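Take a look at the letters that make up each chain.
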Amino acid sequence: MSFDILTLQRAIPLMSLVPMLLAGLVAAQTYRQQPANLRAVAWLLAFAIPLNLLAVVFALQHRNNLFLMPIDLVGEFALLAVIYARTLQTPQFTRLLPLLIVGFAAYVSFDTWLGPDLAQFRPGPQVVGCLLDMLLVGLYYRKLLKELHVTHLHREPMFWVSAGLLVYAAGYLQIALFSNFLLHYSQQFTLRIWAINSLLFTALYCCYTRALWLSLRN
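The rules behind the values
- Residues numbered from 1 in each chain as written.
- Predicted model: local features only at pLDDT ≥ 70, side-chain atom pairs only at ≥ 80, totals over all residues.
- Heavy atoms only, no water.
- Helix = DSSP H or I, 4+ residues; strand = E, 2+ residues; numbered from the N terminus.
- Buried < 20%, exposed > 50% of the residue type's maximum accessible area, 1.4 Å probe, protein only.
- Contact = heavy atoms within 4.5 Å.
- Patch = residues over 30% accessible without salt bridge, like charges linked within 9 Å, V, L, I, M, F, W, Y side chains within 5 Å.
- Areas by Shrake-Rupley, 256 points an atom, 1.4 Å probe, with all protein chains shown as cover.
- Salt bridge = Lys/Arg side-chain N within 4 Å of Asp/Glu carboxyl O.
- Expected span 1.5 Å × (residues − 1).
- Bend = angle between axes of the 7 residues up to and from the residue.
- Phe/Tyr/Trp six-rings, centres within 6.5 Å; stacked < 30°, edge-to-face > 60°.
- Polar contact = N/O pair within 3.5 Å; in protein donor to acceptor, adjacent residues only side chain to side chain.
- Core = buried A, V, L, I, M, F, W, Y, C linked by side-chain atoms within 4.5 Å.

Draft legend 1. Broad picture of the overall build of the protein. Within the protein, the secondary structure is distributed over 9 helices and 0 strands. Scanning the protein from its N terminus toward the C terminus, one meets helices and strands in the order α-α-α-α-α-α-α-α-α. Within the protein, the fraction of its 218 residues that count as buried is 44%. A fraction of 74% describes how many contacts in the protein between residues 6 or more apart in sequence connect residues 24 or more apart.

Structure, rendered in structure tokens:
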């Protein structure tokens, strides 16, 4: 039984690639019919999918892939900021957008430069990245409650993008905050943590897929 559980824990990260590739396929096929904010979601997928596939290739070869994290963090946050700028359409946020992106990129670069090794897990940028993602979601929900006239939330594409991002960021935040304990407890426990992360990852990309599909139906 323990062997089966261990095998499942190793397989879950690979299984999580399926919803990611499905989201990419839907984005590619529907790109021209999507509004501006969901086209930016397609850009996000075009950036994230090759990077995640490369990370999986390194993992299967038992090579460290943590050096990809700074690239992933900055790139994904920049594209998420564009998505929410196109959704919110507020002059204040649009003016603040370059400062947020450049400031976060500078912080991640500085933290990486200070680190003794690019192959070491550094929780600081992960925590800040999760908090920034949750800030973007909070701004959208605030606008949704105050200004947007949406009668059926489950039919609103950006609601699903934001719901998936909130669930993933809130879950991954716990891993980043307690990484010094969680990821050094034991090898089997570390596998369980990354299996949970993969399930969060799966939920995020399922939400992206649903948002892209709902946009066409609407």
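Next, the rest of the story.
Draft legend 2. Layout of a nonpolar patch on the surface. Taken together, the side chains of Phe 110, Trp 113 and Leu 114 define a hydrophobic patch exposed on the protein surface, amounting to about 400 Å² of accessible area. On the secondary structure map, Phe 110 appears in helix 5 (residues 91–114).

Draft legend 3. Quick look at helix 5. Compared with an ideal rise of 1.5 Å per residue, which puts 24 residues at 34 Å, helix 5 spans 35 Å between its outermost C-alpha atoms and is within 8% of the ideal. At Leu 97, helix 5 shows its largest bend, some 35°, and a proline, Pro 98, comes one to four positions later. Those residues of helix 5 that fall on the buried side of the exposure criterion are Phe 93, Leu 97, Leu 100, Phe 104, Ala 105, Val 108 and Asp 111. Where helix 5 is buried, its residues meet helix 4 (69–88) and helix 6 (123–146).

Draft legend 4. Inspection of helix 6 at higher detail. Helix length check: helix 6, at 24 residues, gives a terminal C-alpha distance of 35 Å against a target of 34 Å (1.5 Å per residue), a fit within 8%. Contact partners of the buried residues in helix 6: helix 4, helix 5 and helix 7 (157–177).

Draft legend 5. Examining the environment of Leu 204 more closely. You can see Leu 204 is positioned in helix 9 (residues 187–217). Sequence spacing of Leu 204 and Ala 163 is 41 residues, and the spatial spacing of their C-alpha atoms is 8.1 Å. For Leu 204, the contacting residues outside a window of four places in its chain are Gly 164, Leu 165 and Tyr 168.

Draft legend 6. How the structure looks around the packing of aromatic side chains. What the rule picks out here adds up to 10 aromatic pairs. Seen from their ring centres, Phe 110 and Trp 113 are 6.1 Å apart, and the 40° between their planes marks the pair as tilted. Taken together, the residues span about one helical turn, with Phe 110 and Trp 113 both in helix 5 at a distance of 3 residues. Owing to a relative accessible area of 47%, Phe 110 belongs among the partly exposed residues under this scheme. Ring centres of Phe 159 and Trp 160 lie 5.9 Å apart, and the angle between their planes is 80°; this geometry places the pair in the edge-to-face category.

Draft legend 7. How the structure looks around the side chain of Asn 197. On the secondary structure map, Asn 197 appears in helix 9. Among the residues examined, Asn 197 registers a relative accessible area of 11% and is labelled buried. Within the structure, the side chain of Asn 197 is placed 3.3 Å from the side chain of Tyr 168, a separation counted as a polar contact. When near neighbours in sequence (up to four residues on either side) are disregarded, Asn 197 contacts Tyr 168, Tyr 172 and Ile 175.

Draft legend 8. Main features of the nonpolar core. Judged by nonpolar contacts, the single largest core of 55 residues is most densely connected at Leu 45, Leu 80, Ile 83, Tyr 84, Val 161, Tyr 205 and Tyr 208. For this core, the elements supplying multiple residues, two or more each, are helix 2 (17–30), helix 3 (36–60), helix 4, helix 5, helix 6, helix 7 and helix 9. With near-sequence residues (within four places) excluded, Tyr 205 lies in contact with Pro 19, Met 20, Ala 23, Leu 45, Ala 48, Asn 52 and Glu 76.

Draft legend 9. Up close: the environment of Cys 206. Considering the arrangement of structural elements, one finds Cys 206 in helix 9. On the basis of relative accessibility, which here comes to 41%, the residue Cys 206 falls in the partly exposed class. Along the chain, Cys 206 and Val 161 lie 45 residues apart, while their C-alpha atoms are 9.3 Å from each other.

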